[in-house]
Amino acid sequence: QKEVEQDPGPLSVPEGAIVSLNCTYSNSAFQYFMWYRQYSRKGPELLMYTYSSGNKEDGRFTAQVDKSSKYISLFIRDSQPSDSATYLCAMSAGGSQGNLIFGKGTKLSVKP
Amino acid sequence: GAGVSQSPRYKVAKRGQDVALRCDPISGHVSLFWYQQALGQGPEFLTYFQNEAQLDKSGLPSDRFFAERPEGSVSTLKIQRTQQEDSAVYLCASSLVAFSNIQYFGAGTRLSVL
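Residues numbered from 1 in each chain as written. Chains lettered and ligands numbered in written order. Predicted model: local features only at pLDDT ≥ 70, side-chain atom pairs only at ≥ 80, totals over all residues. Heavy atoms only, no water.

Chemist: Can you break down the pattern of salt bridges residue by residue, with the values?
Modeler: Under the defined criterion, the tally for this structure stands at 6 salt bridges over all chains. The closest approach of N and O atoms between Glu45 of chain A and Arg37 of chain A, which form a salt bridge, is 3.2 Å. What makes Arg37 of chain A buried here is its relative accessible area of 12%. A salt bridge links Asp24 of chain B to Arg22 of chain B, with the shortest nitrogen-to-oxygen separation between them at 3.4 Å. The partly exposed category is assigned to Asp24 of chain B, whose relative accessible area is 29%. (Salt bridge = Lys/Arg side-chain N within 4 Å of Asp/Glu carboxyl O. Buried < 20%, exposed > 50% of the residue type's maximum accessible area, 1.4 Å probe, protein only.)

Chemist: Summarise the sheet that holds strand S6 (residues 54-58) of chain A; cite the residues concerned and give the values.
Modeler: All names here are of chain A. Pairing is antiparallel across the open sheet formed by 5 strands, whose spatial order is S1-S3-S8-S7-S6. Because the sheet does not close on itself, it has two edges, and the strands there are strand S1 (4-6) and S6. Direction aside, neighbouring strands of the sheet carry axes that sit 15° apart on average. Note that S1 and strand S3 (residues 19-25) share 3 bridges and pair antiparallel. What sits directly across from Glu5, in S3, is Thr24. (Pairing = 2+ DSSP bridges. Helix = DSSP H or I, 4+ residues; strand = E, 2+ residues; numbered from the N terminus. Axes fitted to C-alpha atoms, helices over the stretch in contact; angles between N-to-C directions.)

Chemist: Could you give an account of the state of the cysteines, naming the residues involved and the relevant values?
Modeler: All names here are of chain A. The final tally for this structure, using the stated rule, is 2 disulfides over all chains. With its sulfur 2.0 Å from that of its partner, Cys23 forms a disulfide with Cys89. Across the S-S bond of Cys23 and Cys89 the torsion is about -105°, and the bridge reads as left-handed. Separated by 66 residues along the polypeptide, Cys23 in strand S3 and Cys89 in strand S9 (residues 85-92) bring together distant segments of the chain. There is no split in this pair, since Cys23 and Cys89 are both buried. (Disulfide = S-S within 2.5 Å.)

Chemist: Can you tell me about unusual backbone geometry, naming the residues and giving the values?
Modeler: Between Gly9 of chain A and the following residue, Pro10 of chain A, the backbone shows a cis peptide bond with an omega angle of 10°. Residue placement: Pro10 of chain A occurs in the loop between S1 and strand S2 (11-14). Along the chain, Ser7 of chain B connects to Pro8 of chain B via a cis peptide bond; the corresponding omega equals -10°. Positive phi, normally seen in glycine, also occurs at Arg41 of chain A, with a value near 60°. By the secondary structure assignment, Arg41 of chain A is in the loop between strand S4 (32-38) and strand S5 (45-51). Judged by relative accessible area, which is 45%, Arg41 of chain A ranks as partly exposed. The phi dihedral of Asp78 of chain A falls on the positive side, at around 45°, and the residue is not glycine. Along the chain, Asp78 of chain A turns up in the loop between strand S8 (71-76) and S9.

Chemist: Give a description of the nonpolar core that names residues and reports values.
Modeler: Ranked by internal contacts, the top residues of the largest apolar core, which has 25 residues, are Trp35, Ile72, Leu74, Ile76, Tyr87 and Met91 of chain A. When contributions to this core are tallied by element, the ones reaching two or more residues are S3, S4, S5, strand S7 (61-66), S8, S9 and strand S11 (106-111) of chain A. Apart from the residues within four sequence positions on either side, Ile72 of chain A is in contact with Leu21, Asn22, Cys23, Tyr25, Phe33, Trp35, Gln64, Val65, Cys89 and Met91 of chain A. Judged by nonpolar contacts, the second largest core, of 20 residues, contains Phe65, Ala67, Leu77 and Ala88 of chain B. (Core = buried A, V, L, I, M, F, W, Y, C linked by side-chain atoms within 4.5 Å. Contact = heavy atoms within 4.5 Å.)

Chemist: Describe the sheet that holds strand S7 (residues 65-68) of chain B, with residues and values.
Modeler: Residues and elements named next belong to chain B. Overall, antiparallel pairing links the 4 strands, which are arranged S1-S3-S8-S7 in an open sheet. Single-partner strands in this sheet number two, and they are strand S1 (5-7) and S7. Averaged over all pairs of adjacent strands, the angle between strand axes in this sheet comes to 15°, irrespective of strand direction. Sheet topology note: the S1/strand S3 (residues 19-24) ladder contains 3 bridges and is antiparallel. Bridge pairing in S3 links Gln6 to Cys23.

Here's what the structure looks like:
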């Protein structure tokens, strides 16, 4: 079992839909949780960054972390065709372990 | 520059050839990471530099992989005697401070080994 599990999809939704993406993890030492967006043939771009448990909102994006369940989510409201990309969750224990542990990524397609 | 720059963007190598991949991080960034992303997978950590010091190379898959950052800015990832299983996108990321989780990625180098 990998440290971080993420359903690869693909996920297809109509424009304007609410999208829910999630990851589970097994390492209780993880404290930092990130969501990256990766367009085809591009590098990952940081979308959301959360420390420990709780919610964080930025425009149409909301990130949630539930450390007790080892479960994180990203919600996208009013999805747009430009949101079509692969979404990667990433985690880190922090400290001297700055490297990120990524999920496989979920491929999202938003249809006009 | 404005972001992390990687070159070449695409590299085709014959099996057994040596390759060198370059990363130019954001100016002033202390930390530099290399990741390997296989097709349909998330990036996997290879190695970490803090300035010129290579502090973690636990993710390098074999002794054919070697990375350096001699002056604490540009980094090179070298793969000797390439194998087909080395085919992947190699991503470089930099961050402003040591051990930072907030990492900025380049577009990657897509390596195909024939």
